[in-house]
Amino acid sequence: MKVITAAKMREIDSAAMEQYGIPAVALMENAGTEAAKLVEKLVGNLKNKKICIFSGSGNNGGDGFVAARHLSNRGARVKIFLLGNIDHITDEAKINLEIVENMNIDILQLVTERDWDKVQVALAFSDCLVDALLGTGFKGNLTEPLAKIIQMINNSGKKVLSIDLPSGVEADTGNVVSVAVKASMTLSLGLAKVGLLFYPGAQMTGELFVDDIGIPSVLLEDSKINQTLIDLEMVRRLLVKRSPDVHKGICGRVLVIAGSPGLTGAAALVTKAALRSGAGVVTLAVAKSLHDIFEVKLTEVMTVSLPEIDTGILGLSALPKLLELAQQYDVVEIGSGLGRNPATVELIQEFVRQTDRQLILDADAINAYHGKALSLKEAQIMPILTPHLGELATLLNLSIEEIKEDLLEISRRAAAEYNAIFVVKSAKTIVVYPDGNLYITTTGNAGMATAGSGDVLAGTISALSAQGLLSYTAAIAGVYLHGFAGDLAARAGMSGIIASDIVNAIPSARFGIEAE
């Protein structure tokens, strides 16, 4: 499913009206009708149910007026509270306001303190609330009356349906500057808005429903909408089932360059994840003094000893052997727990520049390009980078807060400027390509916020790439598979998940995805 920004949704709305002749009032009618259906889903039989609708003066408020009419027709006892200047109400909303006035539905414009007292009483006795205060154009700080009414809605403890997105949530980022409606359900109109998927907006959304409200499908499927949800059917099409006559040599060969003193666990997790994700052969290349540790620590993974410049530290002396070794593998993962010694940084940069293998860069391999990000363009094949927000901020010389303010566009610019695929790890991991296309995962959970989870992701993507998926699709499938494995691990309890739990769940997750 496509996911959309506010500006692009406005373009689509305009195209529906201008190119197809669909009146704005018809779109509003469809939105309000669907909203009424969801209110019924929330509270059951509407007969004599008390519904409070909070409407602004824009088209979002108009959707609320339409919902009020349908709810009243089904026997609900409806009150509309209007916030905003009634003289500024949009033409389409005004049409529907006049209809509900003619139906003698109770409408109160919030002006005096006594009006606010009436809201408090109505909230106490209501069965459900409808939030139709703000649309997708909202950004920044709320006015005091809006902040007040939203806080009252949240404090009421009642079920809430938000139309299009919870008021107070920014449509393109999910940011909440002060306060936002905490909805039980959100009905997103046309397509899901980006801000409904990213925190804190996602936490305010509740159960998400999307309705096309009669907009022609050709507009909603436009290739210029370059945000897409990664879902089960998409990944199922990407993964290739094993043929009965395969052997390990053709199931993908992954070379991992990882580990340093105190960080051997990262290397172990990457390699195990690659095997669990289906790679036929996985080899770990490590500094000579760490080799014996991994011989004991790893059973199915092969190991190769590399010359070191200090105990457990790699430098340029390891480059010739690594370049030669890489020729035997389909994919190379580099960076997990490799360390930040200046000599190691130099090795990483030279290896990335000289090898002709598909590369997955994680952790210290990403940090190696701090201040030198443009050098990533020297890679012979477009690399896949898997930074968390801190690593991305370091790479781009920005703060984490600056990244969060405009995550999607900053990630897009980075992917284009450095000619790399970025897998940005956060509460909603995204995959971003130099052409601007961006994919958002629908799997994963808070329990995966644990040390080593990112190493598992790097190993998962490496394995899928080695098994023949293009780098474009391996990143998408890897993110989804990794999150799905985390969801399976969480069935035993989200708190206390460790990275090894995710690794062990990968085969079951892949089986679940591939099962028809």
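Residues numbered from 1 in each chain as written. Predicted model: local features only at pLDDT ≥ 70, side-chain atom pairs only at ≥ 80, totals over all residues. Heavy atoms only, no water.

Peer 1: What is the right way to read the side chain of Asp63 from this model?
Peer 2: Structurally, Asp63 can be placed in helix α3 (residues 59-73). Summary of buried charges: Asp63 has no salt-bridge partner, and the nearest side chain of opposite charge, Lys193, is 9.2 Å away. Residues in contact with Asp63, not counting those within four places in the same chain, are Met28, Ala31, Gly32, Ile163 and Leu189. (Helix = DSSP H or I, 4+ residues; strand = E, 2+ residues; numbered from the N terminus. Buried < 20%, exposed > 50% of the residue type's maximum accessible area, 1.4 Å probe, protein only. Lys, Arg positive; Asp, Glu negative; His and termini not counted. Salt bridge = Lys/Arg side-chain N within 4 Å of Asp/Glu carboxyl O. Contact = heavy atoms within 4.5 Å.)

Peer 1: Sorry if this is basic, but what is going on with the environment of Glu333 here?
Peer 2: Looking at where Glu333 falls in the secondary structure, it is placed in strand β14 (residues 331-334). Residue Glu333 is classed as buried on the basis of its relative accessible area, which comes to 0%. For the pair Glu333 and Ala124, spaced 209 residues apart in the sequence, the C-alpha separation amounts to 58 Å.

Peer 1: I keep staring at the packing of helix α15 (residues 389-396) against helix α17 (residues 407-418) and nothing clicks. Help me out?
Peer 2: Axis angle and axis distance: for two packed helices, these are the angle between their axes and the distance between the axes, and together they describe the pair. Running from N to C, α15 and α17 point in directions that differ by 55 degrees, and their axes come no closer than 12 Å. On the basis of the axis angle, α15 is oblique to α17. As α15 runs across α17, the sense of the crossing is left-handed. Contacts between α15 and α17 involve Leu389, Leu392 and Leu396 on the former and, on the latter, Leu407, Ile410, Ser411, Ala414 and Tyr418. (Axes fitted to C-alpha atoms, helices over the stretch in contact; angles between N-to-C directions. Parallel < 35°, antiparallel > 145°, perpendicular 65-115°, else oblique. Left-handed = near helix turned anticlockwise from the far one by under 90°.)

Peer 1: What is the right way to read the pattern of salt bridges from this model?
Peer 2: This structure, assessed with the given rule, holds 15 salt bridges. For Asp106, the salt bridge goes to Lys79, with nearest N and O atoms at 2.8 Å. Taken together, the residues Asp106 in strand β4 (residues 106-109) and Lys79 in strand β3 (residues 77-82) connect sequence positions 27 residues apart. Here Arg357 ties to Asp356 by a salt bridge, and the two come within 3.2 Å at their closest N and O atoms. Here the salt bridges do not stand alone but share partners, grouping Lys8, Glu11 and Asp222 into one network.

Peer 1: Please explain the pairing of β3 as it appears in this structure.
Peer 2: Note: strand β2 (residues 50-55) against β3, six bridges, orientation parallel. Each bridged residue has a counterpart across the sheet, and for Ser55 the counterpart in β3 is Leu82. Traced from β2 through α3 to β3, the parallel crossover comes out right-handed. As paired strands, β3 and β4 are joined by four bridges and run parallel to one another. Its bridge partner lying in β4, Phe81 is registered against Leu108. Handedness of the crossover joining β3 and β4 through helix α4 (residues 91-102) is recorded here as right-handed. (Pairing = 2+ DSSP bridges. Right-handed = clockwise from strand over helix to strand, strands pointing away.)

Peer 1: Sorry, what's going on with the sheet that holds strand β16 (residues 384-385) here?
Peer 2: Each strand in a sheet pairs with another by means of backbone hydrogen bonds, the pair being arranged parallel or else antiparallel. One open sheet accounts for twelve strands, arranged β8-β1-β10-β19-β18-β17-β16-β15-β14-β11-β12-β13; its pairing is mixed. At either end of the open sheet lies a strand with only one pairing partner, and these are β8 (192-193) and β13 (302-306).

Peer 1: What am I meant to see in the environment of Gly58 here?
Peer 2: Among the secondary structure elements, Gly58 is positioned in the loop between β2 and α3. By relative accessible area, Gly58 is classed as partly exposed at 27%. Note: C-alpha distance between Gly58 and Gly339 (281 residues apart in sequence) is 55 Å. Beyond its immediate chain neighbours, meaning those up to four positions away, Gly58 contacts Thr90 and Ala93.

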